[in-house]
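Chain by chain, the residues run as shown.
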Amino acid sequence: MGLTYGYDIYLRPRNVARALAAVAELAPPSRDVPPLDVTLPGGERIVLPFTSDFGSDPVDCSASGEFRLDTSLMFGVDEAVRAYGASSGLPAEVNGRVQIGYVYLAVRFESFLHPRYASLEFWAATSGMSRLFARSASIRETFTDLTAAVGGVCCLFDTGDGGPEEVCWLDGEATRVWVGGARFPDQRALVATWPDAGVTDCPPAPSTPGGSG
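Described below are features of the structure shown in this document.

Conventions we followed
Here the residue index of a chain counts from 1 through its sequence in written order. Totals for whole chains, interfaces and linings use every residue, but because this is a predicted model, local features are given only for residues with pLDDT of at least 70 and side-chain atom pairs only at 80 or more, for both listing and counting. As a rule here, side-chain values come from all non-hydrogen atoms in the structure, and water together with hydrogens is ignored. Only Phe, Tyr and Trp rings are paired, with Trp represented by its six-membered ring, and only when their centres lie within 6.5 Å; those with planes under 30 degrees apart are stacked, over 60 edge-to-face, the remainder tilted. Counting from the N terminus, the helices are the DSSP runs of H or I reaching at least four residues and the strands are the DSSP runs of E reaching at least two. Two strands are counted as paired when DSSP detects at least two bridges linking them. Here an axis means a line fitted to C-alpha atoms, over the contact stretch when the element is a helix, while the angle between two N-to-C directions is reported on a 0 to 180 degree scale. Whether a residue is buried, partly exposed or exposed follows from its accessible area with a 1.4 Å probe, protein chains only, as a fraction of its type maximum: under 20%, in between, or over 50%, in that order. What qualifies as a polar contact is a pair of N or O atoms within 3.5 Å, subject to a donor-acceptor requirement within protein and to the restriction that residues adjacent in sequence count only when both atoms come from side chains.

### Thoughts on the packing of aromatic side chains
Right, so step 1: Counted according to the given criterion, the structure contains 13 aromatic pairs.
Right, so step 2: Ring geometry for Y5 versus F157: centroids 5.6 Å apart, planes at 80°, classification edge-to-face. You can see Y5 sitting in the segment before β1 (6–11) and its partner F157 sitting in strand β8 (residues 154–158), a full 152 residues away along the chain.
Right, so step 3: A ring pair is formed by Y102 and Y104, whose centres lie 6.4 Å apart and whose planes are at 10°; its orientation type is stacked.

### Some remarks on the sheet that holds β8
Right, so step 1: What the seven strands build is an open sheet, ordered β5-β6-β7-β1-β8-β9-β10; its pairing is antiparallel. Strands at the two margins of the open sheet, each flanked by one partner only, are β5 (66–76) and β10 (173–178). Taking the axes of each pair of neighbouring strands and ignoring which way they run, one obtains an average angle of 25° across the sheet.

### Here we look at the side chain of R108
Right, so step 1: Note that R108 resides in strand β6 (residues 97–108).
Right, so step 2: What makes R108 buried here is its relative accessible area of 4%.
Right, so step 3: In this structure the side chain of R108 is engaged in a polar contact, spanning 3.0 Å, whose partner is the side chain of E66.
Right, so step 4: Reaching out from R108, the side chain makes a polar contact with the side chain of E121 at a distance of 3.0 Å.

Quick look at the structure:
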């Protein structure tokens, strides 16, 4: 089985529409897919430049707790991205950024870590892309900047399959600390730092690919 590394952003459910609009701004300037109409819980609608399960049929989440997107995103070019591009044939750079995708995105309105928080879970499509996610400072910065822009409380670098997670953003600033260490011996200790988490009644679930812990 290949590597499945990703970045998971945790935020208030009320900020999901704002977060998806921000993700859409990371899409390439032009895409050969029809616009995707998504209805969120509560009836709010948003149009995205992505596909869902590789199709463009309208997505209705008004009665469900999650959905998935197939995204292609623009990232700043650093040495790791340039090396990945040379080996995988990425499109040409545009203003210092390059298109990478598919990056799979699972949107959950009740995250596995805490039901009062939603999650946006971005997963690399291949082992090579997973290694890029681990090495590239530009990609890490893109996801931590996105977390900050949408009012996220936490961003994790997730190695999948119950593997260790690195906290990349917490308490309004970038950081690098592993869950399982002295500061955060487990996920419960991490979630306890989130505002109004009330973790005593919601034990965390284990990590799974495409649905982080």
